[in-house]
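Secondary and tertiary structure notes
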Amino acid sequence: MQEFDFYINLKKPTLGLYVRKDAGLPDLADQSDWQFEGHEWESELAPGLLKELEANGHAFQELGA
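Quick summary incoming for the structure in this document.

Now for helix 1 (residues 47-56). For helix 1, the set of buried residues is Leu49, Leu50 and Leu53. Along the axis of helix 1, the buried residues cluster in a sector spanning 100°; they form a single face. Exposed and facing more than 90 degrees away from the buried side of helix 1 are Pro47, Lys51 and Ala55. Residues of helix 1 that are buried in the fold lie against strand 1 (3-9), strand 2 (15-20) and strand 4 (58-62).

Mapped onto the fold, Gln61 is located in strand 4. In the structure, Gln61 is positioned 54 residues away from Tyr7 in sequence and 10 Å away in space, judged by C-alpha atoms. One polar contact links Gln61 to Tyr18, side chain to side chain, over a distance of 3.0 Å.

Looking at the largest pocket, its volume works out to about 170 Å³. Along the walls of the largest pocket sit Leu17, Val19, Ala23, Gly24, Leu25, Pro26, Asp27, Leu28, Asn56, Gly57, His58 and Phe60, which together make up its complete lining. Residue assignment for the lining of the largest pocket shows that the elements contributing at least two residues are strand 2 and strand 4.

Let's shift gears to the nonpolar core. Soluble, globular proteins show a tendency: their nonpolar side chains are buried together. In this structure, Phe4, Phe6, Ile8, Tyr18, Leu45, Leu49, Leu50, Leu53 and Ala59 together form the largest nonpolar core, which totals nine residues. Mapped by element, the contributors of at least two residues to this core are strand 1 and helix 1. Sequence-distant contacts of Ile8, that is, excluding residues within four places in its chain, are made with Pro13, Leu15, Asp33, Trp34, Gln35, Glu37 and Leu63.

As a further point, take the pattern of salt bridges. Counting across every chain of the model gives three salt bridges. Where Lys12 meets Glu62, a salt bridge forms, and the shortest distance between an N and an O atom there is 3.1 Å. Highlighted residues: Lys12 in the loop between strand 1 and strand 2 and Glu62 in strand 4, separated in sequence by 50 residues. Here Asp22 makes a salt bridge to Lys21, at a shortest N to O gap of 3.6 Å.

Parameters and conventions
Residues numbered from 1 in each chain as written. Predicted model: local features only at pLDDT ≥ 70, side-chain atom pairs only at ≥ 80, totals over all residues. Heavy atoms only, no water. Buried < 20%, exposed > 50% of the residue type's maximum accessible area, 1.4 Å probe, protein only. Helix = DSSP H or I, 4+ residues; strand = E, 2+ residues; numbered from the N terminus. Arc of directions from axis to C-beta. Contact = heavy atoms within 4.5 Å. Polar contact = N/O pair within 3.5 Å; in protein donor to acceptor, adjacent residues only side chain to side chain. 1 Å grid on protein atoms, 1.4 Å probe; cavity = no way out; pocket = protein on both sides within 12 Å on 5 of 7 lines; lining within 4 Å. Points joined across faces, edges and corners; volume = space filled by probe spheres on them. Core = buried A, V, L, I, M, F, W, Y, C linked by side-chain atoms within 4.5 Å. Salt bridge = Lys/Arg side-chain N within 4 Å of Asp/Glu carboxyl O.

So this is what it looks like as structure tokens:
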């Protein structure tokens with residue numbers, strides 16, 4: 001089962017970012033805006049997020065307040 005890294009935006013804590021495990025954040029202009037929060041298993045993610053991760057290598061998600 002695939003595992004993904006999960007980050008939270010420090011300036012907007014309701015915005016999350018999933019990337020492939022150990023991929024890091026090389027494409028973001030300001031990586032300091034993002035804090036690593038842990039790992040998520042494929043089975044824990046919504047199907048729409050998984051499709052976006054497969055297509056783009058990353059997926060953003062609005063989180064509940």
